[in-house]
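For reference, the chains in residue letters:
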Amino acid sequence: MRAFKIEPLERDFETAIQQKIDNLNKPKGSLGRLEELAMQICLMQQTLEPRLSHPCHLLLGGDHGIEREGVSATPRCVTWQQMVNFTRGGGGVNMFCRQHGFKLRIVDVGVDYDLASIVLSSPRREKSCSVLTSSQREVEALFLDRKIARGTRNFLYEPAMSEEELEQTIEVGVALADDCHREGCNILCIGEMGAANTSPSSIWMSLFCGIPLSECIGAGSGLDGRGISHKQRVLEEAVKRFLSSEETTTAATRPSLKTAETIRYFGGFEMVAAIGAMLRAAELRMLVMVDGFIMTACALAACQLYPEAKEYMIFGHCGDESGHRRMLDFLQAKPLLSLGLRLGEGTGALCAYPIIDSAVRMINEMNNFRNANITKYF
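Counting starts from 1 at the beginning of each chain's written sequence and moves along it residue by residue. Given that the model is predicted, a residue must reach a pLDDT of at least 70 before its local features are reported, and side-chain atom pairs must reach 80 or more before they are shown or counted; all residues, however, enter totals for whole chains, interfaces and linings. Hydrogen atoms and water are omitted, and side-chain values are computed over all heavy atoms in the structure.

Concerning the overall build of the protein chain
Here is the rule: Secondary structure elements follow DSSP: runs of H or I no shorter than four residues count as helices, runs of E no shorter than two count as strands, and numbering proceeds from the N terminus. In this description the radius of gyration comes from C-alpha coordinates, and the expected globular size is given by 2.2 Å times residues to the power 0.38. Here the term buried applies to any residue with accessible area under 20% of the maximum for its type, exposed to any over 50%, and partly exposed to those in between, with areas from a 1.4 Å probe on protein chains only. Whether two residues touch is decided by their heavy atoms; if any such pair falls within 4.5 Å, the residues are in contact. The Shrake-Rupley method, run with a 1.4 Å probe, gives the accessible areas here. Residue values count only the displayed protein chains as cover. In this tally, Lys and Arg are treated as positive and Asp and Glu as negative; His is ignored, and so are the chain termini. Taken as the charge location is NZ of Lys, CZ of Arg, CG of Asp or CD of Glu.
Of regular secondary structure, the protein chain possesses 15 helices and six strands. Scaling as 2.2 N^0.38, a compact globule of 378 residues should have a C-alpha radius of gyration of about 21 Å, and the protein chain matches this with 21 Å. Seen through its principal axes, the protein chain has C-alpha atoms that stretch 70 × 55 × 40 Å. Expressed as a percentage of the 378 residues in the protein chain, the buried residues total 56%. Taking contacts inside the protein chain between residues at least 6 apart in sequence as the whole, the part at least 24 apart equals 79%. Here the protein chain displays about 15700 Å² of accessible surface, and carbon together with sulfur accounts for 49% of that area. Both charge centroids of the protein chain, one from 41 positive and one from 46 negative side chains, sit 4 Å from each other.

Now the structure itself:
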């Protein structure tokens, strides 16, 4: 796996930032999390006048071999159907990107369907969609074909992807982050679409956090009690086989290698591409907005490889999926919202964007005590 050079945030500038925040015409600390966010963003950008520019959202799609074991209420055909829907502007992710001014890239990293032939050959739009005027050229700019394979292999029996596929998928994420950065983006949001992707997320959570797998497994897209029990049995068997495999034995003496093997053995193409994008964005000192359970699992994996990457992340919300709160606690991450969301696609993080924007506006636009002729009383 490629090496990333992610610099820890330089704390020498912290005193000057805090002085500016404390001199804004408000009681000290009265804007709470906004002040914390402003501090983080100023440190990332090394400035007292931070900016959010050209926000971009990556919607990454991929299918999972483990779906064949009946661990998801959502069949894999929904992955490609929803991806097509996204290109027509009709998804939740489209709505929030339009609302908050994000440029949306819909990326096929590993969907088990020939999406490109459908999306790039048909300019049709659903009448119910609000983007009826989109041209075929705009669709091509919106949709990117970066398919590694038509879904991962079934990790109940073998690694989800080969070492070569792992490398290729990381590079897909790196290239996507690079593309956004070249356009002037300094805040990147990432979402996913892939039936059964709560399964690898639960396993990563268990193995990386040291939490029993039974406490990491939830209903996903809507399993009932019997379905959850079946999912747990399948995933427990998969983990048992992985832990007794030659890959784990070989990697045991090198923590970073063991992490990479865990990512490769269970991860989906959309998830691994997200890890690549997160790490490259942090390397470029971009702000990374983290969504729900699946994207938090990707952030967890990224931080296992490069702990300093967490300093460049803002966690948008805590969702309803079982274990999400515990994973956030393990990362010592404080989500901005708790709205009961479990849609994925990056929607929870997008909903949190106005709060980040408010933090930047606070430090740039609020007057200070001296200029406002207000007595500073602390």
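Next comes the rest of the account.
Things to note about the sheet that holds strand β5 (residues 287–290)
Heads up, the condition is: In this scheme, strands are said to pair when DSSP sees at least two bridges between them. As a rule, the C-alpha atoms of each element are fitted with a line to give its axis, helices using only the stretch in contact, and angles between N-to-C directions run from 0 to 180 degrees.
Reading across from one edge, β3-β2-β1-β4-β5-β6 is the order of the six strands in this open sheet, with parallel pairing throughout. Both edges of this open sheet fall to β3 (143–145) and β6 (313–315), since each of them pairs with a single strand only. For this sheet, the mean inter-axis angle between neighbouring strands, taken without regard to orientation, is 25°. Where strand β1 (residues 56–62) lies against strand β2 (residues 103–110), seven bridges are found, and the strand directions are parallel. Directly across from H57, in β2, lies its bridge partner L104. Of the strands in this sheet, β1, β2, β3 and β4 (187–193) are in contact with helix α7 (residues 163–182), which crosses β2 at around 165°.

Some thoughts on the environment of E158
Assignment of secondary structure puts E158 in the loop between β3 and α7. By relative accessible area, E158 is classed as partly exposed at 36%. For the pair E158 and S245, spaced 87 residues apart in the sequence, the C-alpha separation amounts to 9.7 Å. If sequence neighbours within four positions are ignored, E158 has contacts with R153 and Y265.

Observations regarding the pairing of β2
For β2, a buried count of seven out of eight residues is recorded, marking the element as mostly surrounded by other parts of the structure. Where β2 and β3 come together, three bridges link them in parallel fashion. Within β3, the position partnered with D108 by the bridge is D145.

Comments concerning unusual backbone geometry
The phi angle at Q46 is positive, at roughly 50°, despite the residue not being glycine. Phi at N373 takes a positive value of approximately 55°, unusual for a residue other than glycine. Relative to the helices and strands, N373 is located in the segment after α15 (347–365).

Quick look at the state of the cysteines
So the rule is basically this: Here, a disulfide means two cysteine sulfur atoms that sit within 2.5 Å of each other.
Scanning the entire structure with this criterion turns up zero disulfides. With no disulfide of its own, C318 lies closest to C209 among cysteine sulfurs, the gap being 13 Å. Taking the relative accessible area as the measure of exposure, C318 reaches 6% and is therefore buried.

Observations concerning the packing of aromatic side chains
Definition in use: Only Phe, Tyr and Trp rings are paired, with Trp represented by its six-membered ring, and only when their centres lie within 6.5 Å; those with planes under 30 degrees apart are stacked, over 60 edge-to-face, the remainder tilted. Working rule: Lys NZ or Arg CZ, within 6 Å of ring centre, within 35 degrees of ring normal, means a charge sits over the ring.
In the structure shown here, the tally under the stated rule is ten aromatic pairs. Between F155 and F266, the ring centres sit 5.0 Å apart and the planes meet at 75°, which makes this aromatic pair edge-to-face. With F155 in the loop between β3 and α7 and F266 in helix α11 (residues 255–266), the pair connects residues that are 111 residues apart, well separated along the chain. Overall, F155 belongs to the buried group, its relative accessible area being 1%. Here the aromatic residues F155, F242, Y265 and F266 are joined through ring pairs into a cluster of three or more. When the ring centre of F4 is taken as origin, the NZ or CZ atom of R2, which lies over that ring, is 5.5 Å away.

What to know about helix α12 (residues 269–283)
Basically, it comes down to this: Expected helix span is computed as 1.5 Å times (number of residues minus one).
Here α12 is 15 residues long and its end C-alpha atoms lie 21 Å apart, about the 21 Å a rise of 1.5 Å per residue gives. Of all 15 residues making up α12, 14 are buried, and the element is well covered by its neighbours. A positive backbone phi angle near 60° is found at R285, which sits one or two residues after α12.

Observations concerning the confidence of the model for the protein chain
Stated precisely, the cut-off is as follows: Scored between 0 and 100, pLDDT is the confidence that the predictor attaches to each residue.
Of the residues in the protein chain, 92% reach a pLDDT of 70 or more, and the chain-wide mean stands at 91. Across residues 124–133 the pLDDT falls below 50, and counting only partners more than four positions away or on other chains, this stretch makes 19 contacts in the model.

A short note on the pairing of β4
Of all seven residues in β4, seven are buried; the element is thus mostly enclosed. Both faces of β4 are covered, namely the face carrying I187, C189, G191 and M193 and the face carrying L188, I190 and E192. In this sheet, β5 lies alongside β4 in parallel orientation, the contact comprising three bridges. Bridge assignment links I187 to a residue of β5, and that residue is L287.

Here we look at the pattern of salt bridges
What counts, and what does not: We count a salt bridge whenever a side-chain nitrogen from Lys or Arg sits within 4 Å of a carboxyl oxygen from Asp or Glu.
The full count for this structure, using the stated rule, is 24 salt bridges. R33 is paired through a salt bridge with E36; the nearest N and O atoms lie 3.1 Å apart. Of this pair, R33 and E36 are both found in helix α2 (residues 32–45), three residues apart, which corresponds to roughly one turn of the helix. Looking at E36, the relative accessible area reads 39%, which means it is partly exposed. A salt bridge links R153 to E158; the shortest N-O distance between them is 3.9 Å.

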